[in-house]
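Residue-level structural notes
Chain by chain, the residues run as shown.
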Amino acid sequence: MTPDEPAGRTPEPEPLAPEPPEREEHPIVAWARAIVLGIGDTARDMLEAGRQAAREALDEGWQRFDEKTRHRRR
């Protein structure tokens, strides 16, 4: 325990091995990875927006049906 550490505190364990140095990625590979990940994110967002719109359209259709027929769905 060193003088600048508060009493009662356990010191942090030392890492077992140093982390390997990060490899530099080729700029074209980094660019391609960003494009692919961006396309995936956009596709996921579009699918979720489509699902939400479909749910709203279905609810609106049932609401119109209920108003016209006065037969409430169960």
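Note that this is a predicted model, so its numbers are computed, not measured. Sequence order as written defines the numbering, with residues in each chain counted from 1. Residues qualify for local features only when their pLDDT is at least 70, as the model is predicted, and side-chain atom pairs are given and counted only at 80 or more; totals for whole chains, interfaces and linings, by contrast, use all residues. As a rule here, side-chain values cover all heavy atoms of the structure and leave hydrogens and water aside.

**Structural notes on the overall build of the chain**
Every helix listed is a DSSP run of H or I at least four residues long, and every strand listed is a run of E at least two residues long, numbered separately from the N terminus. Within the chain one finds 1 helix and 0 strands. Areas reported as accessible are Shrake-Rupley estimates using a 1.4 Å probe. Residue values count occlusion only from the protein chains shown. Total accessible area on the chain is roughly 7800 Å²; 58% of this is exposed by carbon and sulfur atoms.

**Details of a nonpolar patch on the surface**
Patch membership needs two things, relative accessible area over 30% and no salt bridge, and members are linked within 9 Å if like-charged or within 5 Å if nonpolar (Val, Leu, Ile, Met, Phe, Trp, Tyr). Take a side-chain nitrogen of Lys or Arg and a carboxyl oxygen of Asp or Glu: if they are within 4 Å of each other, that pair is a salt bridge. Taken together, Ile28, Trp31, Ile35 and Ile39 make up a surface patch of nonpolar side chains, about 470 Å² in accessible area. As for its position among the elements, isoleucine 39 is in helix α1 (residues 27–69).

**A look at the environment of glutamine 52**
As for its placement among the helices and strands, glutamine 52 is situated in helix α1. Whenever two N or O atoms come within 3.5 Å, that pair is a polar contact, provided that in protein one can donate a hydrogen and the other can accept it, and provided that, for residues adjacent in sequence, both atoms are side-chain atoms. A distance of 3.0 Å separates the side chain of glutamine 52 from the side chain of arginine 55, its partner in a polar contact.

**Some remarks on the packing of aromatic side chains**
Each aromatic pair joins two rings of Phe, Tyr and Trp (for Trp, the six-membered one) with centres within 6.5 Å, and gets the label stacked for planes under 30 degrees apart, edge-to-face for over 60, and tilted for any other angle. Within this structure, the stated rule accounts for 1 aromatic pair. Where tryptophan 62 meets phenylalanine 65, the ring centres are 5.4 Å apart and the plane angle is 90°; that geometry is what we call edge-to-face. Pair noted here: tryptophan 62 and phenylalanine 65 are both in helix α1, with a separation of 3 residues, about one helical turn. Accessibility here uses a 1.4 Å probe with only protein chains present; expressed as a share of the type maximum, an area under 20% marks a residue as buried, one over 50% as exposed, and anything in between as partly exposed. Look at tryptophan 62 and you get partly exposed, because its relative accessible area is 33%. Overall, the relative accessible area of 38% leaves phenylalanine 65 in the partly exposed class.

**Concerning α1**
To estimate how far a helix should reach, multiply one less than its number of residues by 1.5 Å. Here α1 contains 43 residues, and its C-alpha end-to-end distance of 63 Å stays within 8% of the 63 Å for a straight helix at 1.5 Å per residue. Phi turns positive one or two residues past the end of α1, at arginine 70, with a value near 60°.

**Considering the pattern of salt bridges**
One pass over the structure, following the stated rule, counts 4 salt bridges. A salt bridge links glutamate 25 to arginine 33, with the nearest nitrogen and oxygen atoms 2.3 Å apart. Note on arginine 33: relative accessible area 45%, which makes it partly exposed. Note that arginine 55 and glutamate 48 form a salt bridge whose closest N and O atoms lie 3.3 Å from each other.

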